[in-house]
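Observations on chain architecture
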Amino acid sequence: APAAAPTPAPVDKSKPPSVPVLPPKYTTPAPSKALPALVREGAVDLALLELRLADHSYVTGPLPAQEDLRVKAALAGTSVDGLVHVNVTRWLRNVNSFEEAETKEWL
């Protein structure tokens, strides 16, 4: 007589099946919290400011701050090419939209 097929082990249907979780093959670095020196000797490094504003709405992060006003003042008289420095142009338009009374409340 042929051998009987083995009976499968009972499955616990109250839990999802056990699936191995493998570690990622890469590590994403945390964003830098250090604020780079955007203003040097009274001049703004537009390339560095552009990079900073690619990841942040404002110079110091998600909220406007006095540092935005300091960088804006250092930019006075500087020509900003909106096609090259799109983030700086966006930031300037945004910072310029605030009334002076509002900017006094910035930390």
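Note on numbering: residues in each chain are counted from 1, in written sequence order. Only residues with pLDDT of at least 70 get local features here, since the model is predicted, and only at 80 or more are side-chain atom pairs given and counted; chain-wide, interface and lining totals rely on the full set of residues. To obtain the side-chain values, all non-hydrogen atoms of the structure were used and water was disregarded.

A few words now on the packing of aromatic side chains. Note on ring pairs: Phe, Tyr and Trp rings are taken, using the six-membered ring of Trp, and paired if centres are within 6.5 Å. Classes follow the plane angle, with under 30 degrees stacked, over 60 edge-to-face and the rest tilted. For the coordinates displayed, the defined rule picks out one aromatic pair. The interplanar angle of 85° and the centroid separation of 4.9 Å between the aromatic rings of F98 and W106 together place this pair among those described as edge-to-face. With a 1.4 Å probe rolled over the protein chains alone, any residue whose accessible area is under 20% of its type maximum counts as buried; one over 50% counts as exposed, and the rest are partly exposed. When its relative accessible area of 25% is taken as the criterion, F98 is described as partly exposed.

A few words on the packing of helix α1 (residues 46-55) against helix α3 (residues 86-96). Remark: α1 packs on α3, axes separated minimally by 8 Å, with the N-to-C direction vectors making an angle of 75°. Comparing the axis directions of α1 and α3 gives the class roughly perpendicular. In this structure, α1 contributes L46, L49, E50, L53 and A54 to the contact, and α3 contributes V86, N87, V88, R90 and W91. Lys, Arg, Asp and Glu make up the charged group, whereas Ala, Val, Leu, Ile, Met, Phe, Trp, Tyr, Cys and Pro make up the nonpolar group; the residues left over, Gly among them, are polar. Along the lines of polarity and charge, the residues of the contact of α1 with α3 split into seven nonpolar, one polar and two charged. Axis lines are fitted to C-alpha atoms, over the contacting stretch for helices. Their N-to-C directions set the angle, which ranges from 0 to 180 degrees. In this description a helix means any DSSP run of H or I spanning at least four residues, a strand means any run of E spanning at least two, and both kinds are numbered starting from the N terminus. In this scheme, roughly parallel covers angles under 35 degrees and roughly antiparallel covers those over 145, while 65 to 115 is roughly perpendicular and the rest are oblique. Between two residues, a contact is recorded if the distance between any of their heavy atoms is within 4.5 Å.

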